[in-house]
Amino acid sequence: MKLAALLTSAGINTAVSVVLFSLYSVLRKQPIFVNVYFGAKIAQVRSRQQDAFRFDRFVPSPSWILKAWETSDEEICATGGLDAVVFVRMIVFSRLTLLLLIVDSFRIFSIAAIVCNFLVLPLNYFGKEMQRHQIPAETLEVFTIANVEEGSRWLWAHCLALYLVSCCACFLLYLEYKSISRMRLAYFTSSMSNPSYFTVLVRAIPWSREESYSGTVARFFTNYYASSFLSHQIVYRSGSVQKLVTDAGKVCKMLKLTPRELHIGSNSMRCGLCGTTTPFSMLPMDADDDQGRSDFGGSDLRKKESAAALVFFRTRYAALVASQSLQSRNPMSWVTNLSPEPGDMYWSNICVPYRLLWIRKVAILVASMALVAFFIVPVSLTQGLVHLDKLQKTFPFLRGILKRKAMSQLATGYLPSVVLIIFMYMVPPIMLLFSTLEGSTSRSGRKRSASIKVLCFFIWNVFFGNILSGSVIERFSKIFKDVNYLLATAVPSTATFFMTYVLTSGWASLSCELMQPFGLLCNLFYIFILRNKDVTTYGTLTFPYHTEVPRILLFGLFGFVYSTLSPLILPFLLVYFSLAYLVYRNQILNVYVTKYQTGGTYWPIVHNATIFSMVLMQVIAMAVFGLKKSTVASSFVIPLIIMTLLFNEYCRQRFQPLFMEIPAQILIEMDRQDEQNGKMKEIHQKLTTSYTQFKSKSRTLGDPMPPNNNCRLEDLEINPGKSPVHHLSS
């Protein structure tokens, strides 16, 4: 592929992105789309529809860019929580490998971009004695390390660039890990009223003929934790079937209502599809579908007790000790963990028998591997479009079609990336379903598990799949015999494809993220088909960490691997990370709603993925140096790999425990402070209604947290009697 063709495709993608950004500026000014582009503000204020005209979408369109740029991390944390700050810092870190912050806060090319584009790139271009053309007419292969002659002394420059990029990345990674660890400690101290600190989730409660699960829990914790046990709450079996039965009953009640009664309801509307004038009522939308509702009596609830319970303790430290202790001689019974936040609870998975969880995990692992194997077929066919010469040898009937210049540029430039992107959009929902079936007890844990699965899928199918599939057509029988030679030859040759992938998938995905096409279609359906003009009933979206975190980390992998092999990819990544920084900050401020927090637990995923990218970069560089017959440069990479792994081990010992457990020192200080201020008794009273499995109309402590994440237990309305809690009798 020619450099001019790549620049042309970059220009086309830039033009399309500019058009979509302009269309976004127009659409966000329309009153009917206020819930799509200002969902966070609507969720925060719950204003009426006419109040939406006071939002700042009517100011000139570039204002959102300026506001996203000027917003501080404190404002991002107040709106989206610490997880949103971690996500933004992940983009900043990825950009800092390409950019270097100086004292005056002006951003210039980073050490990676300076060293690789001004030192390595010219050496790649002049690496061989060959006939030169005009630079736009040159093929992209002359800008890669494949153009350097074997045994060239200039390979030392590539080795030096590899050391500089690796050392700078480790230094920046250490600073970010240290900074986010401080933020997480500050998050612990600022959330003193969090009821999850007092609550332990108990599963695998032994079944007894003589008494119910509730009596078993009360007897066990009264016997072994008499001084610290406060009360308990049994988790009831409530799933989608029960919800369907409940909703069916509500539909039957609505059908019995007269037209006069239907007009009285605030949710009544008329059908815009068939044009009928008879109004109908819509069931209220609930973002947390699986939390369920219950219209049954207390006797029916007792029959639905599951072998799980929430146990409340008098102090935070007592709850921590109970959650980390082995409760019985049988490790498969009385399993305890600190409970997630009330808004983070995934109630339907808590009822899953604990003895079946390992079977589910094994089954999901097998299903994930089968999904990866299934996607190798479209990836191989997609990558075959890049190697037209090999494709023509395999399929001779395509020679006439591919000889045309327009068809060849289309096949090599756009079709591989576009086809791959279409297939990749199917992966995150499937992985989220897999993570749900694994049995995660929290929504955040489900998304983190899905993020890891999607990231592994992207690394294998997008990166390794495209590298290996390029050689499958030519040398399938030798693919597993010489992996070292395969990486050294295939990685530089696929640089063109990944440059195009950054353009099509990276820039286009940001435009789609900004436009929110799915939200627009749903909004139009509610307005013109259901004729519902109340924007507050449409529901809100939470940030899709399971799709965006793997995408950012995948592009970071591209930047690390190709920084010394094909530095021409760095400017395209630099533009992507700069746009992503603005777009995602705008989405956090205006679009997505934060219903729970995890305290920045996504950063260990970022750290591990970055270390993997660095080690992969070093291994591939060592293989390329060996292929170029520079054994000294290849051997000098081995100490760099060892130092990177030692650095990772130090960070794992120094910082990672803070993201796994809550320090006992902080919890003890919180307990002492509450006891001195006389707040402990008040907290104990509100703990009984903090977790509400069956939602009621009144807000309780079990409802999702408001978007500002600054609410306290004292600020929330209590609705006693709605949550079946069993107290310790005095």
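Just so it is clear, the structure is predicted and the values come from calculations on it, not from any experiment.

Caption draft 1: Highlighting unusual backbone geometry. Phi at Ala-204 takes a positive value of approximately 60 degrees, unusual for a residue other than glycine. Topologically, Ala-204 is positioned in the loop between strand S3 (199–203) and helix H8 (213–224). Taking the relative accessible area as the measure of exposure, Ala-204 reaches 15% and is therefore buried. The phi dihedral of Trp-334 falls on the positive side, at around 55 degrees, and the residue is not glycine. Within the secondary structure, Trp-334 is located in the loop between helix H12 (316–324) and strand S8 (335–338).

Caption draft 2: Looking closely at the packing of helix H22 (residues 495–515) against helix H24 (residues 545–561). Running from amino to carboxyl end, H22 crosses H24 at an angle of 150 degrees, the nearest separation of the two axes being 12 Å. Compared by their axis directions, H22 and H24 come out roughly antiparallel. Where H22 crosses over H24, the two elements pack in a sense that is left-handed. Of the residues in H24, those in contact with Phe-498, Tyr-501, Val-502, Ser-505, Gly-506, Ser-509 and Glu-513 of H22 are Glu-548, Arg-551, Leu-554, Phe-555 and Phe-558. Taken together, the residues of the contact of H22 with H24 sort by class into 6 nonpolar, 3 polar and 3 charged.

Caption draft 3: Highlighting the nonpolar core. Core analysis: the biggest nonpolar cluster contains 126 residues, and Phe-463, Tyr-501, Phe-558, Tyr-562 and Trp-603 have the highest contact counts within it. With 19 residues, the next largest nonpolar core counts Tyr-213, Phe-229, Ala-319 and Phe-694 among its residues.

Caption draft 4: Geometry of the state of the cysteines. With the rule as written, the count across this model stands at 0 disulfides. Distance from the sulfur of Cys-168, which forms no disulfide, to the nearest cysteine sulfur (Cys-167) is 6.9 Å. Judged by relative accessible area, Cys-168 falls into the partly exposed class, the value being 24%. Sulfur of Cys-170: no disulfide; nearest cysteine sulfur belongs to Cys-167 and is 6.7 Å away.

Caption draft 5: Looking closely at the pairing of S3. With 5 of 5 residues buried, S3 lies mostly within the body of the structure. Judged by which residues are buried, S3 turns out to be covered on both faces: Thr-199, Leu-201 and Arg-203 on one side and Val-200 and Val-202 on the other are all buried. Relative to strand S7 (residues 305–313), S3 runs antiparallel, the two sharing 5 bridges. Bridge assignment links Thr-199 to a residue of S7, and that residue is Phe-312. Inspection of the sheet shows S3 paired to S8 by 4 bridges, in the antiparallel sense. In the sheet register, Arg-203 faces S8, and the bridge partner there is Val-335.

Conventions used here
- Residues numbered from 1 in each chain as written.
- Predicted model: local features only at pLDDT ≥ 70, side-chain atom pairs only at ≥ 80, totals over all residues.
- Heavy atoms only, no water.
- Helix = DSSP H or I, 4+ residues; strand = E, 2+ residues; numbered from the N terminus.
- Buried < 20%, exposed > 50% of the residue type's maximum accessible area, 1.4 Å probe, protein only.
- Axes fitted to C-alpha atoms, helices over the stretch in contact; angles between N-to-C directions.
- Parallel < 35°, antiparallel > 145°, perpendicular 65-115°, else oblique.
- Left-handed = near helix turned anticlockwise from the far one by under 90°.
- Contact = heavy atoms within 4.5 Å.
- Nonpolar A, V, L, I, M, F, W, Y, C, P; charged D, E, K, R; others polar.
- Core = buried A, V, L, I, M, F, W, Y, C linked by side-chain atoms within 4.5 Å.
- Disulfide = S-S within 2.5 Å.
- Pairing = 2+ DSSP bridges.

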